[in-house]
Every structure is written in structure tokens, then in C-alpha cells.
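A closer look at the structure
These are the residues of each chain, in order.
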Amino acid sequence: MRKNRILINLSMLFTASAAITAYAVNGNTPSAASMPDTPDMMSIGSLMPDDDMMHQGILLDGDSLKQAGLESKIQKAADLYKHLKWLKYENQPETEVYTTALDCYSVCVDAMKLAAKNSPDMDRCKSILRDINKDLEAGAFHYSSAGDNDRLTKFAQAYVDTHMMDAFKGEDFPLTSVYPSIVYCAASGAYNVKDYDRAIGYFDRYISTGEDKSREQIYMFLGQACINTGKYDRAITAMSDALVLYPDNYNMMLIGIQGCIDGGHPELLQTFLDKALAMKPLDEQLLNIQGKLHEDMQQYQKALDTYRKLEEIRPDNLGVARHIALCYYNLGVDFYNKSIYEEDDKIAKKYGRQSNTYFDAASMKLEEVVANDPTSLKYLKALAVSYGCLGNKEKFDNVNVRIRALGDNPIAEKSMPDLITANANDLPNFASSGKNAPSIGSKAPLYTDFAKSYVEKNLNAWAKKGEFETNDDYRKRVNETTLSQEYDRLSRKAQDEYLTAYGKKLRVTDFSLEPYDAENEVYMIKSSYGPIYLNIPRENSEAETFKANWKGVHFKNPSYYIKDNEVLISGITFVTPYGKEYSYSKTEGVTHYVPPIDIAGINIYTPDGSRPTVAPSTPTAFKPSDVDENIPYNNKPSKST
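As a starting point, this report considers the structure included with it.

**Side note on the overall build of the protein chain**
Check the secondary structure of the protein chain and you find 22 helices and nine strands. The proportion of buried residues among the 641 residues of the protein chain is 46%. Taking the contacts inside the protein chain whose residues are at least 6 apart along the sequence as the reference set, 66% of them involve residues at least 24 apart. Surface accessibility of the protein chain: about 33,500 Å² in total, with carbon and sulfur atoms responsible for 49%.

In C-alpha cells:
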């Protein structure tokens, strides 16, 4: 993805030159500056050390040196501050005024690194920074009008950095309407020199201002900066938020997709893919990613449909042919194993016919693949299995001869076939965790925080007076009664949205089968949404068979609930490659209610400026949501595991 530079739009900062000049030099009128007297010349003798100093060392500990350094910087900052006041009072050249202001800022910042929190020295530095902050802003204006982008960036960053200091946390500075533009310049300066971490802080600052003029571009550069610094979870979250505001921004979708892949979060990939494919349904890159994601989900028919579209675009592409062959093969394996273990003869024959259909298609495609890649053991073995399951002994033996010639063991006849992938060691296409990528699940908000934000946003949108709505109609639609009703509706919907965003994203590869408990005939399966317990008998080696086929197990019908601000799993069914089903259901403590959101903390704005009161209704019981099988999941840590 191309990395753009942010161009500083000087017109965003420009005001009339005269106005800038007036603002720059006319601050508070200080008293006349007291300049230091000319020092007297020292006698030569006073520079000679006395005998005592020559014969004994004078050692200073680290604290003493630190204090001496602090005092020196405090004094220098005070001198620069006094000089700045004198320059402004005497109407000295603007460049000298602003240069002194920036020097004073830098020295104060250095001093604050040495000063103790809440100490007099810290307070003195903060007082100086508060007072010169307007000079830094004026300096940004001055160098903007002069076309000096380097100096503009330095002053803009110093001005904004002051507001972002921990020392001023919770303190509000007087800001003008052009503040977002100055933040934009600070961000662009950091981004263009590839100081992405610093740029991210400025991007966040710009978004927090609520300014929408350049917000779309800021979001895109924020996403790219997060990708460049390996903050993939942050990139995904930022693009998810941005696409709510700019649903047609294709570049944001691509950044989100890149964040999911590079950061090892395929469980979040489908949402971005759906949006991107809706805009470009025949994009080769998107179709390739979609096909691979379907394969990882063991949704081989969907993957096959996707790769067929790619084959129409790239009919002679070997990579596409490999994936199509394996989709046919895995579908054949699935139905073949079902037919073996199905007790109903009629259904077993049906599965057998379906298996033959897919293996027949797989063998033709695999022949095409091995003709172009004759030494690929993976595809030769898949071809041998296909012929073996079809009962074509002659071709089965011929392929085994080729496998032996390549120095590998031949495929056993009538063996139970396994699912395979196009990757070495049959690894998934997309790893479930990326290098240096923190778990995005750790970034999932608490349910109460999520719900409050969701309700506030949508309640305000609902309470907004329509352009063609009369005052009487508006009062009928928005009143305390209807507001309470809408609040209740949105609270319930917030729960569904939370489960969709942070719950219903489970993947087969996210389960861990623990050792069998022979005494209780139970397997424990670890998941990030709590442990799952499956009762599987030891009789007839059923438990052993389940473990032997664990790699091919898939699941369906997971259900979820919220407890203690976390998403937990309440039920699920595991299906073996031979069609046997085992279900888990947690009934105790599952039914829950929608936690009431503190409406007192929600801001609701009406046209007349009033703030209606809302009385939440009694919380209602909620049934856990059911979802389709094998949906990717958010790797959210659970205390239960």
C-alpha cells in the first residue's frame, strides 16, 4: 500500500498578515526588563585552587548533580522568559521573539523532566509554559505566512505538545477555532519524517477536537501510521470507527484488511472484506483473501465459489488451480467420512454419492496441478487419496508409484482421509496471532462502557429535530415517555451489537483439547470464552476416536451471553469428520438481563437546550444469541480459562 506524505495546507492557518503581527507582539505589557550588570573582571589569583582542594577530592552524589542541573535549567528558563517579555515590550523583530519563546519552551520541558511532581520548580515551569503558549501559537502563524514549513512544524508541535503533557492533564487551555489546523500541521510534520508514534498522538488529538474538515484524511493516516509501527489492533479499531463515519472509503477498508492480516486477527477480517467486496466484487486481491479465509473456516463450498470467480479472471493461474483442487478434495473428504460413520444406509449412500462427485472433480483438477508441478508430494498424495476413495485402483497404484519414485511412502488403501490446506504442515492461510501483535481482545471495551457510548450516540441522533418537523410534532415524538422507551430499545440493541462485535467470532483453530478425564468420561476444551465440557464415553474407544479425529472436528450453533462485563459461551455442538455430534450446554447462570446504563451520565441535547430525564425500565431477561457455524472469533481473554 502506497505511503503518502501529508501536505500542509497553509491556507488553513493563514489569516491577514497584519492581524498575525498584531497578535504576535501585543501580549501583556511587562515591566521594564532588568538586564544583568556587566560582571567585574576576576583576578588571576582567584582562579588558582588552594592547597586543600589540591589534596582532597570533592565527590558529588547523583542527587546533588541532578539538583544542580535542575537549578541551572530553572534559572535559564527564567532568564529566557524575562528576555521574551522584554523583546515583546520593546517591539523587537518577530523572528527574535518567537525564537526566544521556542528556546524558553525547550528549556522548561528539560527542567520538568528533572523536577519533582507538584514541586515549586515544577509549578514554576508550568506557569511559564502556560504564559508562552500563545506565543508558540503566534509563531506557528508567523512561519505559516512566511512559507517556512520546518519552523511552522516546530512551533505547532511545541504548542500542541504543551496541551498534551501529563503535567497539564485535566487542564483546559484557551483554544481558537484554528486549533485543529495547528494540530494537523504538527501531525503532518511528524508523519512526513516517519515519526509515526508521535504522529499517532497528534492524529488522536485532532480527532478529539470534533473537527470534521480533514478528519477523513486524518483517520487514513492514523491507520497507516499504526500499521507502520506494528500497532495492528489500534489500526483495526481506528478503521472500524472511521468506516462508521465514512462507509464508502475503500482505502480505510484496505488498511483494516492489512491490519487484520499483518496483525494476526483473521477473526476480524470478514467485516472489512464484506465492505470492500461490495465496492469491488471482482478485485483479484480481495477474492484471493476471501477464498483463503473461507478455507480456514472449513467453508469449502464458499471457498470454491470464490476461487471459481478468480479462475474466470485468471484461467491459467496455478495457485488458483491448487486451491480449487483442494476445495473439491476437502469436500470429498468431508462427505466420505460422513458416509463411513452414518448408521442410516439411505443417508450414507447419499453422502457416498456426494463424496464421489467431489472426488471426481478433485482428481481432474489435481491431475492438472501435478502436470504443472510433478514433484509436489502434497498434491500427488491428494490425487492418490481421491482415486482410492473413488475405487479406481489402477490410477491409485499409478500415483503411488510416482510417490515412491520421489522417495516418500505410498498412500495406504482405504485409509480415512484427512483435510489438508495449501500450506506447509497444513497450517491455516492466516495465522491466529501476528508477530509483536498484542491481542486485540484486550482492547475490547467493558460492556457497560460500550453500551453507554452506543446509547448516547443513537439517542442523540433520535432526539435531533428533523428539518421538516414542526415543534408540535417534535414534542409529541420526543418527550420523557418516548425517550425512556427509546432508551430501553437501544440498551437491548447495544447488547446485540456488543455480542456481534466481541463475541460471535469463534474459529475451529481457537479451541484446545485437554487430556481426557477417564474417571468422569469428559473432555475439557479450552476457549477464550470459558471452558467447554463434553461427555464422551470410553466404551468402544469412542473417546479415543474423538481425539484421533480432533483435527477434522468442526462446530455449529454456538450461543453466547454476557456476564460480569465479559462475553462467555453458553452452548455449542462439535461435529466429527464422520458426522458424530457432541453438544455442550450451560444452563446455570446463563439467562441474564440488560444492565441498566446510567442515563444520568449520558448527554442528550434537544433543540431548546433542555435535557429530558429518563427513568430506565426494569431490566429484562435476555436469551443468548445463536449464530451460524464457524464464525471467526475475537481472541478476548476470559477469566474462566
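**Details of helix H6 (residues 149-164)**
With 16 residues, H6 should cover 22 Å at 1.5 Å per step; its first-to-last C-alpha distance of 22 Å lies within 8% of that length. Listing the buried residues of H6 in full gives Leu152, Thr153, Phe155, Ala156, Gln157, Ala158, Tyr159, Val160, Asp161, Thr162 and His163. Those residues of H6 that are buried lie in contact with helix H4 (94-114), helix H5 (120-145), helix H7 (179-192) and helix H8 (196-208).

**Remarks on the nonpolar core**
Grouped together as the largest cluster of nonpolar side chains are 125 residues, with contacts concentrated most on Tyr105, Phe203 and Ile257. When residues of this core are assigned to their parent elements, the largest contribution, twelve residues, is made by helix H15 (residues 318-341). When residues no more than four places from it in sequence are discounted, the contact partners of Ile257 are Leu269, Phe272, Leu273, Ala276, Leu286 and Ile289. Counting residues in each nonpolar core, the second largest holds 37 residues, with Tyr487, Leu499, Ala543 and Val553 among its members.

**Quick word on the sheet that holds strand E1 (residues 512-513)**
What the three strands build is an open sheet, ordered E1-E2-E3; its pairing is antiparallel. Single-partner strands in this sheet number two, and they are E1 and strand E3 (532-535). With two bridges joining them, E1 and strand E2 (residues 522-526) adopt antiparallel strand pairing. Bridged to Leu513 within E2 is Ile525.

**Points about unusual backbone geometry**
One non-glycine residue, Gln298, lies in the positive phi region at around 60°. The backbone of Asn540 shows a phi angle near 60°, a positive value even though the residue is not glycine. Topologically, Asn540 is positioned in the loop between E3 and helix H22 (542-548).

**Let's talk about helix H10 (residues 232-245)**
The end-to-end C-alpha distance of H10, which contains 14 residues, comes to 20 Å, matching closely the 20 Å that a straight helix rising 1.5 Å per residue would cover. Those residues of H10 that fall on the buried side of the exposure criterion are Tyr232, Asp233, Ala235, Ile236, Ala238, Met239, Ala242 and Leu243. Those residues of H10 hidden inside the fold are in contact with helix H9 (215-228), helix H11 (250-262) and helix H12 (269-279).

**Points about the pattern of salt bridges**
In this structure the tally under the stated criterion is 20 salt bridges. When the shortest N-O distance is used, the salt bridge between Arg322 and Asp373 registers 2.8 Å. Pair noted here: Arg322 is in helix H15 and Asp373 is in the loop between helix H16 (345-372) and helix H17 (377-390), with a separation of 51 residues, a long-range link. In this structure, Arg475 and Asp472 form a salt bridge, with 2.9 Å as the shortest nitrogen-oxygen distance.

**Concerning the packing of aromatic side chains**
Taken as a whole and assessed by the stated rule, the structure comprises 18 aromatic pairs. Relative to Tyr523, the ring of Tyr516 lies with its centre 4.6 Å away and its plane at 55°, an arrangement referred to as tilted. Among the aromatic side chains, those forming a connected cluster through ring pairs are Phe511, Tyr516, Tyr523, Phe546, Trp550, Phe574 and Tyr582. Stacked on the ring of Phe168, the Lys or Arg Lys126 has its end atom at 5.6 Å from the ring centre. Lys338 extends its terminal NZ or CZ atom over the ring of Phe335, reaching a point 5.1 Å from the ring centre.

**Re the packing of H4 against H6**
Taken N-terminus to C-terminus, the directions of H4 and H6 make an angle of 45°; their axes are 11 Å apart at the nearest point. When the interaxial angle is binned, H4 and H6 end up oblique. As for the relative orientation of H4 and H6, their crossing is left-handed in sense. Contacts from Tyr98, Thr99, Leu102 and Tyr105 in H4 reach Arg151, Lys154, Phe155, Ala158, Asp161 and Thr162 in H6. Among the residues forming the contact of H4 with H6, the class breakdown is five nonpolar, two polar and three charged.

**Observations regarding the pairing of strand E5 (residues 566-575)**
Most of E5 sits out of view: ten of its ten residues are buried. The pairing of strand E4 (residues 554-563) with E5 spans eight bridges and is classified as antiparallel. Paired with Lys556 across the two strands is Thr573, which belongs to E5. What sits between E4 and E5 in their antiparallel hairpin is a turn of two residues, with Asp564 showing a positive phi close to 55°. Relative to strand E6 (residues 581-585), E5 runs antiparallel, the two being bridged by five bridges. Bridging from a neighbouring strand, Phe574 pairs with Tyr582 of E6. Linkage of E5 to E6, two consecutive antiparallel strands, is achieved through a turn of five residues, within which Gly579 is found at a positive phi near 90°.

**With respect to the side chain of Thr573**
Among the structural elements, Thr573 can be located in strand E5. The exposure class assigned to Thr573 is buried, which follows from its relative accessible area of 9%. Polar side-chain contacts of Thr573 include one of 2.8 Å to the side chain of Ser583.

**Observations regarding the pairing of E2**
Strand direction decides the pairing type here: E2 and E3, joined by four bridges, are antiparallel. Bridging from a neighbouring strand, Val522 pairs with Asn535 of E3.

**Considering the packing of H4 against H5**
Where H4 contacts H5, the two axes come as close as 8 Å, and the packing angle between them is 145°. Every pair of crossing elements has a handedness; the one defined by H4 and H5 is left-handed. Two secondary-structure elements touch here, H4 through Glu94, Thr95, Tyr98, Thr99, Ala101, Leu102, Cys104, Tyr105, Cys108, Ala111 and Met112 and H5 through Met122, Cys125, Lys126, Ile128, Leu129, Ile132, Asp135, Leu136, Ala138, Gly139, His142 and Tyr143. Taken together, the residues that form the contact of H4 with H5 break down as 16 nonpolar, four polar and three charged.

**Section: the environment of Leu84**
Here Leu84 is to be found in helix H3 (residues 62-89). A residue is classified by how much of its surface remains accessible, and Leu84, at 1% relative accessible area, is buried. Remark: the alpha-carbon pair of Leu84 and Ala101, spanning 17 residues in sequence, is separated by 6.4 Å. Each residue touching Leu84, except ones within four places of it in the same chain, is listed here: Val97, Thr100, Ala101, Ile132 and Asp135.

Rules behind the numbers
- Residues numbered from 1 in each chain as written.
- Predicted model: local features only at pLDDT ≥ 70, side-chain atom pairs only at ≥ 80, totals over all residues.
- Heavy atoms only, no water.
- Helix = DSSP H or I, 4+ residues; strand = E, 2+ residues; numbered from the N terminus.
- Buried < 20%, exposed > 50% of the residue type's maximum accessible area, 1.4 Å probe, protein only.
- Contact = heavy atoms within 4.5 Å.
- Areas by Shrake-Rupley, 256 points an atom, 1.4 Å probe, with all protein chains shown as cover.
- Expected span 1.5 Å × (residues − 1).
- Core = buried A, V, L, I, M, F, W, Y, C linked by side-chain atoms within 4.5 Å.
- Pairing = 2+ DSSP bridges.
- Salt bridge = Lys/Arg side-chain N within 4 Å of Asp/Glu carboxyl O.
- Phe/Tyr/Trp six-rings, centres within 6.5 Å; stacked < 30°, edge-to-face > 60°.
- Lys NZ or Arg CZ within 6 Å of the ring centre and 35° of its normal.
- Axes fitted to C-alpha atoms, helices over the stretch in contact; angles between N-to-C directions.
- Parallel < 35°, antiparallel > 145°, perpendicular 65-115°, else oblique.
- Left-handed = near helix turned anticlockwise from the far one by under 90°.
- Nonpolar A, V, L, I, M, F, W, Y, C, P; charged D, E, K, R; others polar.
- Polar contact = N/O pair within 3.5 Å; in protein donor to acceptor, adjacent residues only side chain to side chain.

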